[in-house]
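Observations on the model geometry
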Amino acid sequence: MRLFRDRHHAGLVLAPQLLKRGGRDPVLLAIPRGGVPLGLAIQEETGWPLYSFVVERVQAGDAHGAVSEGNSVYLPGCTWPLKPDVASRVAASERLLARRVTRYRGNPGTLPNLRDRCAVLVDDGVVTGDTAIAAIRGVRELGADSVIFVAPLVAPRSVCPVSHEADQLLCQMAPPLFAALPDWYEEFPDVTDSEIRAALGSPTGDSNLGTPIWSSDHATDESLLAEPPPTVRVVTRELPHDG
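Residues numbered from 1 in each chain as written. Predicted model: local features only at pLDDT ≥ 70, side-chain atom pairs only at ≥ 80, totals over all residues. Heavy atoms only, no water.

**Some points on the sheet that holds strand β5 (residues 72-74)**
The cut-off we apply is this: The criterion for strand pairing is that DSSP finds at least two bridges linking the strands in question. Secondary structure elements follow DSSP: runs of H or I of four or more residues count as helices, runs of E of two or more count as strands, with numbering from the N terminus. The axes used here are C-alpha line fits, helices contributing only the stretch in contact, and every angle between their N-to-C directions lies in the interval 0 to 180 degrees. Note on definitions: a residue-residue contact is assigned when non-hydrogen atoms from the two residues lie within 4.5 Å.
Read from one edge to the other, the open sheet built from 3 strands follows the order β3-β4-β5, with strand pairing classed as antiparallel. Edge strands, defined here as strands with exactly one partner in the open sheet, are β3 (55-60) and β5. Strand after strand, the sheet turns through a mean of 20° between neighbouring axes, direction not considered. In the packing of helix α3 (residues 84-105) onto the sheet, contacts are made with β3, β4 (63-68) and β5, and the angle to β3 comes to roughly 160°. On the sheet, helix α4 (residues 130-141) packs against β3, β4 and β5 and is oriented at approximately 35° with respect to β4.

Right, dumping it as C-alpha cells:
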C-alpha cells in the first residue's frame, strides 16, 4: 500500500497535526537529505522558519549509530572508551558531518539559537532510530526547550526508543510489516546536495522557499488532501515523577 505520493505530500498531510502541537517559538530542522522536502511542505503550511540539521551515520563492523550537530554521538551497545576502529569511524563521520554543514549552510554558526525554543526535527522515515536519537540529543545539547520528532513512517521497533528521547513523536504510521521506506511512497527519488542548497536559499538559513522541486506535481493536489489520511500517531514522552 502506497500511503503518499511523494515526500512533499507526506509533509502536507502531517502539517495540520503539527500545528496543533507546536511548542514555544518553533523552528523546523530538516534532516538532509530526505527530510528537506518534508520540511519545505510543512513550512508552507505553518510559516515556521526552516533550516537543515545535519546527522551522519556511523558504521564500524557490528557497531552502528550516528553523530549530529550539537556534538551528539549515539552508539547503542558500545562501551566507552571506544575501540580504536569504532573511534576512527566516529571521527571520520564527524569530519564528513562538518563538511556537509558547510556545504548546506556556509558554516556551523548559521544554525539559529535554539535556546528556549521548540525544535521540530523532520525526516522522511525512521528505521533503526539511530539518526533520530542522535539528532534529538543534539538539539537538546543546543538548548532546545522541547523537541518534536516528525516522520511519516516509523519502524515499530523504533517507536519506543525515539519517543523516549523526544517530547513528542508525530508519525502517520508504524506499519507492523515495515520493510523499506520507498515501499510507502509512489515516488521516492534521491535528493541531491545541490537541490538542498537551492531550496534552502542563503547560507544564513533565511530560506527563500519557492515551489518544492521534489514534488511530482508542483501544484498542490487538493483531492489528495481531501482523502481521509491514515491515523496520525502522537507518542508523548512520559517523564518520571518524584515520590
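Back to the write-up after that little detour.
**Some remarks on the packing of aromatic side chains**
This is how it is decided: Pairing of aromatic rings covers Phe, Tyr and Trp, the last counted by its six-membered ring, and requires centre-to-centre distances within 6.5 Å; plane angles under 30 degrees mean stacked, over 60 mean edge-to-face, and any other angle means tilted. Three exposure classes are used, based on accessible area relative to the maximum for each residue type with a 1.4 Å probe and protein chains only: buried under 20%, partly exposed in between, and exposed over 50%. As a reminder, the over-ring test applies to NZ of lysine and CZ of arginine, requiring each to be within 6 Å of the ring centre and within 35 degrees of the ring normal.
In total, this model carries 2 aromatic pairs according to the counting rule given. Ring geometry for Phe4 versus Tyr185: centroids 5.5 Å apart, planes at 40°, classification tilted. Of this pair, Phe4 sits in the segment before α1 (7-19) while Tyr185 sits in the loop between β8 (168-173) and α6 (193-200), and the two are 181 residues apart along the sequence. Just as Phe4 is buried, Tyr185 falls in that class too. Their ring planes at 45° and their centres at 5.0 Å tell us that Tyr185 and Phe188 sit as a pair that is tilted. The side chain of Arg7 reaches across the aromatic face of Phe188, ending 3.9 Å from its centre.

**Here's the deal with the packing of α1 against helix α2 (residues 35-46)**
Basically, it comes down to this: Oblique is the label for any angle not under 35 degrees, not over 145, and not in the 65 to 115 range, which are roughly parallel, roughly antiparallel and roughly perpendicular in turn. Note: crossing handedness is left-handed where the near helix turns anticlockwise from the far helix by less than a right angle, and right-handed where it turns clockwise.
The geometry of α1 relative to α2 is characterised by a closest axis approach of 7 Å and an angle of 45° between their N-to-C directions. Between α1 and α2, the angle is such that the two are oblique. Regarding α1 and α2, the two cross each other, and that crossing is right-handed. The segment α1 lies against α2, with Arg7, His8, Ala10, Gly11, Leu12, Leu14, Ala15, Leu18 and Leu19 engaging Pro37, Leu38, Ala41, Ile42, Glu44, Glu45 and Thr46.

**Structural notes on unusual backbone geometry**
Cis peptide bonds are those with omega within 30 degrees of zero, and the linkage from Pro32 to Arg33 qualifies with 10°. Tracing the chain through its elements places Arg33 in the loop between β1 (27-30) and α2. Phi is positive for Asp25, close to 50°, though the residue is something other than glycine. You will see that Asn71, though not glycine, has its phi angle at about 60°, which is positive. In this fold, Asn71 is placed in the loop between β4 and β5. Given the relative accessible area of 76%, Asn71 is considered exposed.

Just distances and angles here, no functional claims.
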